[in-house]
Amino acid sequence: MTRGASEWSPEAYFLNNVALGVCVVIGILVFGAMFIAMFRFRKSRGAVAEKWSHNTMLEIVWTTIPVIILIVLAYLATGGLRTFADTTGSEMTVKVTGYQWKWRYDYVDYKGKAIEKVGFMSKLDRESDETRQLNSGLDPNAVQVDGYNTYLINVDKPLVVPVGVKIRFVITAGDVIHSWWVPALGWKMDAIPGIVNAAWTNITEPGVYRGQCAELCGQDHGFMPIVVKAVPKEEFEKWLADQQAQANPPAPAAPAAASTTAAPATAQATDAPVSQGHQG
Amino acid sequence: MAHDATHDHHDDHHGAPSNFFVRWCMSTNHKDIGTLYLVFSLLMFFIGGSFAMVIRAELFKPGLQLVQPYFFNEMTTMHALVMIFGAVMPAFVGLGNWMIPLMIGAPDMALPRMNNLSFWILPFAFALLLSTLFLPGGGPAGGWTMYPPLSLQGDSVAYLVFAVHLMGISSIMGAINIIATILNMRAPGMDLLKMPVFVWSWLITAFLLIAVMPVLAGAVTMLLTDKYFGTSFFNAAGGGDPVLFQHIFWFFGHPEVYIMILPAFGLVSEIIPTFARKPIFGYKAMVFAIASIAFLSFIVWAHHMFAVGLPLGGEIFFMYATMLIAVPTGVKVFNWVSTMWGGSMTFETPMLFAIAFVILFTIGGFSGLMLALAPADFQYHDSYFVVAHFHYVLVTGAIFAIIAGTYYWLPKWTGHMYSEFWGKMHFWNSVVWVNVLFFPQHFLGLAGMPRRIPDYNVAFANFNMISSIGGFLFGASQLIFVGVIIHAVWFSKKKALDRVWEGAKGLEWTVPSPAPFHTFELPPVIHDEELAHGHVED
Ligand code: HEM
Ligand SMILES: [Cu+2]
Ligand SMILES: [Cu+2]
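Residues numbered from 1 in each chain as written. Chains lettered and ligands numbered in written order. Predicted model: local features only at pLDDT ≥ 70, side-chain atom pairs only at ≥ 80, totals over all residues. Heavy atoms only, no water.

## Considering the pattern of salt bridges
Here is the rule we go by: Between Lys or Arg on one side and Asp or Glu on the other, a salt bridge is scored when a side-chain nitrogen of the former is within 4 Å of a carboxyl oxygen of the latter. When accessible area is computed with a 1.4 Å probe and restricted to protein chains, residues below 20% of their type maximum are described as buried, those above 50% as exposed, and intermediate ones as partly exposed. Elements are defined by DSSP. Helices are runs of H or I of four residues or more, strands are runs of E of two residues or more, and each kind is numbered from the N terminus.
All told, the structure shown has 12 salt bridges over all chains when counted by the stated rule. The salt bridge involving B:Asp32 is made with B:Arg23; its shortest N-O contact spans 2.7 Å. Its relative accessible area of 3% is what places B:Asp32 among the buried residues. Of the charged contacts, one joins B:Lys424 and B:Glu420 as a salt bridge, the two residues approaching to 4.0 Å between their closest N and O atoms. Of this pair, B:Lys424 and B:Glu420 both sit in helix α15 (residues 420–446), 4 residues apart, which is roughly one turn of the helix. A residue is classified by how much of its surface remains accessible, and B:Lys424, at 29% relative accessible area, is partly exposed. Salt bridges sharing partners connect three or more residues here, namely A:Lys43, B:Arg277 and B:Glu502.

Below, the structure is given as structure tokens:
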């Protein structure tokens, strides 16, 4: 499991490692005992069956020890659940809507200010889409951005977010159930029509983090990836301002001409498939 | 037997009818119906298996080479439905039918005609289900979990719902029959606490079936009315709630997974003592563990829904309850190991499969414990990690136990020994390739590969290829199984003893091999020392 790149994601990672460790230790003890039994107590070595069929002391011990281990695990896991459920104190809200088979992102507010009309669809990039057709003859290995294979995990327009800001996601869907999963953030959350789910993240390192829809949603379920581009705060604020300017063009008076000519250039940059930063 | 002599003129009473149709289609004999169930289950195992081969072939390497994504989804959906309802459940019912009367000294099942009906519904149910693959709109493709709204998009909803109803009716009738048989038809002296663990496990499983199959029927009926009769149970736009379906489905679904494992626990608890030549360790603890697992299975359903946005309290409750199940499950594993300890073991094929069961099922239990930790499940959920988990518990758990049981009693059924050499070939091939098939899927899940996708990024390519190779070879290994069975039924020359295995105890070994058409027409006189659990003290 990835450690992830958000404030919360190490919780899942840590729990995974502890639980795996516990399982490996118990596994070694139990399977070890089994293998010893299989070698020592074989008939071909002249073993004679003993008659006992219970041992109260042993039974109490191997019921109690697992209970203690489970209590420790439960304690750790409860902590992770509590912090995950706490979406208070967020400084930004993004609405995520799943559709067959693309995602829509709407920027709702940032630092206490409502954002008007910044929202877009995000779907599988064209190169992956052409390659993934049945018998396309195209090589999935050739779908690369900056030397990194992005086959089926790249989009036309990524979700751009700032690092170091607690972001609240409100997640829903327009048709069937989807699930928004970016492993580097440490969680997935179902996108359900008619229901709005909340989750949060606070990304610690800038980079491009990729994920996929995780709930079967029809024929192209495997083809609706998620790309989150986490950038430093200043860069994000500039990007947001550009998007807002584009979405809310000032009244068509003469002085506005300059800004409308500038805007498409930046939009172009983000329309292109995402290039590599740090890979999550 | 003197009894035989007085009834000689009742020919039909003693031999099987010679007319094929009368014998098999009109059968009320628990052994013949058991055979029908087992043969049906084997057939479904191969049909479901062929769907799995399509899945693994498409996933062999990145890019779509063989099938369209929609057909891929039909394959995953049908694979699960056929394996769960067509292969695993009927196999256990078949084993129960054959063996429960023999193990408790009953002449037949309590309700023989209903027994016939509950089997003969199944071929129709599956003909209906499988026929959807040939319909213009295609078969169900929304996953075996049938989550709306997606599952309502297909054209085969009505077929699917009706097929599920038939399967449910069949299971409920089977369960009623098993309960009635066990509670009413035990030979005098066969106290409840002297029954074999397999019989106990089936008794408890049958109650689970009766409790939850109607819940499934209700859920799918609501799907049907949402689709065709304008209701909005699960339609948010009409005031309904898609998550409601998931609650209802998993209230059925989690007990269902235990329906598929409790009889397996029972089988393994028969086989290990036989080949260890030592009584089962902690008989009462075993029975109690099965009962408590069955009880807990009703209060853990939402661990399948940790990512739907449950309230914090709900997540915590279902996490704790799920973790609790690990305790009785652990007790069972420890008891099997202790049964082996101090025994005098031999390793015939049934024992090999039973030992592999204990180890590999436990690995599935470990991943289950990890999945139970909700914060970690936010990552595991709907990834290949879950796929690895449930295949360890179902394939190397339930199916290995079924195979072990088949080898264990095959000589009793056919009167001939199977080929031990080919049995072992089957075992070693199965156990190696099944791990090559499913172990890498843990890594895929941890690396972030979602389940139910027909194509993937090249980062997942290596493990998928390994898994596919394991899949093809595991599938091929099962052909050995068919060969061994055919050989044992028709070609084997080696006669089986009545007590086939040296260490075997219990009433089923007191009747001849092959078991005659009618057994225990007069209740047997029970000597406690002949029973596997005749002297229960703990
Ligand atoms: C130690 C005992 C077990 C625990 C704690 C456990 C826990 C879990 C959890 C938490 C999940 C949900 C994972 C997810 O979707 O995120 C799950 C899935 C599943 N488990 Fe288990 N499990 C256990 C044993 C079993 C057994 C014995 C079986 C069946 C023989 C089984 C069959 C399944 C199946 C079929 C699924 C996936 C269902 C689906 O989504 O299609 N599990 N298990
Ligand atoms: Cu999806
Ligand atoms: Cu479950």
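## With respect to the site of ligand 1
Residues and elements named next belong to chain B. Selection criterion: We define proximity as follows: a residue is near a molecule or strand when any one of its heavy atoms falls within 4 Å of that partner. A 3.5 Å cut-off defines polar contacts: any pair of N or O atoms within that distance qualifies, except that in protein one atom must be a possible hydrogen donor and the other a possible acceptor, and neighbouring residues in sequence count only when both atoms are side-chain atoms. Throughout, the ten residues Ala, Val, Leu, Ile, Met, Phe, Trp, Tyr, Cys and Pro are labelled nonpolar, Asp, Glu, Lys and Arg are labelled charged, and all others, Gly among them, are labelled polar.
In the neighbourhood of ligand 1, 22 residues make up the surrounding shell, with Trp 144, Asp 377, His 381, His 389 and Arg 451 lying closest. Contacts to ligand 1 include Trp 144, whose side-chain N or O atom sits 2.9 Å from an oxygen atom. Between ligand 1 and His 389 there is a distance of 2.9 Å, counted from a nitrogen atom to a side-chain nitrogen or oxygen. Looking at the shell around ligand 1, the elements with two or more residues in it are α8 (242–259), α12 (349–372) and α14 (384–414). Take the shell around ligand 1: its biggest share by element is 6 residues, from α12. Within the shell around ligand 1, the residues separate by chemical class into 13 nonpolar, 7 polar and 2 charged.

## Quick word on the packing of helix α4 (residues 69–104) of chain B against α14(B)
Residue and element names in this part refer to chain B. This is how it is decided: Convention adopted: a line fitted to C-alpha atoms gives each axis, helices being fitted over their contacting stretch, and angles between N-to-C directions are expressed from 0 to 180 degrees. By convention, the crossing between two helices is left-handed when the near helix turns anticlockwise from the far helix through less than a right angle, and right-handed when the turn is clockwise. By definition, residues are in contact when any of their heavy atoms lie within 4.5 Å.
One way to put it is that α4 packs onto α14 with a least axis distance of 11 Å and a crossing angle of 35°. Crossing angle aside, the handedness with which α4 passes α14 is left-handed. Mapping the contact onto sequence places His 79, Val 88, Ala 91, Phe 92, Leu 95, Trp 98, Met 99 and Met 103 in α4 and His 391, Ala 398, Ile 399, Ile 402, Trp 409 and Trp 413 in α14. Of the residues that constitute the contact of α4 with α14, the class distribution is 12 nonpolar, 2 polar and no charged.

## Looking at the packing of aromatic side chains
The following threshold applies: Pairs were defined over the aromatic rings of Phe, Tyr and Trp, the Trp ring being its six-membered one, requiring ring centres within 6.5 Å. Orientation was assigned from the angle between planes: stacked under 30 degrees, edge-to-face over 60, tilted for the rest. Comment: the charge-over-ring label is applied if NZ (Lys) or CZ (Arg) is within 6 Å of the ring centre and within 35 degrees of the ring normal.
Following the criterion strictly, the structure yields 63 aromatic pairs over all chains and no others. Above the face of the A:Phe223 ring, A:Arg132 is positioned so that its terminal group lies 4.0 Å from the ring centre.

## What about the coordination of the copper ion (ligand 3)?
All names here are of chain B. What counts is decided by this rule: Atoms are scored as donors when they are N, O or S and lie within 2.8 Å of the metal, with 3.2 Å used for Na, K and Ca; no water is included, so coordination may look incomplete.
Here the copper ion (ligand 3) is held by the protein donor atoms His 254 (ND1), His 303 (NE2) and His 304 (NE2), which lie 1.8 to 2.1 Å from it. Read in sequence order, the donor residues for the copper ion (ligand 3) give the motif H-x48-H-H. Judged by its relative accessible area of 21%, His 304 is partly exposed.

## Some thoughts on the pairing of strand β12 (residues 207–213) of chain A
Residues and elements named next belong to chain A. Heads up, the condition is: Only strands that DSSP links by at least two bridges are regarded as paired with each other.
Burial analysis of β12 places 7 of its 7 residues in the buried class, the great majority of the element. Pairing analysis gives 2 bridges linking strand β9 (residues 178–182) to β12, with the strands arranged antiparallel. Within β12, the residue paired with Trp 181 across the bridge is Gln 212.

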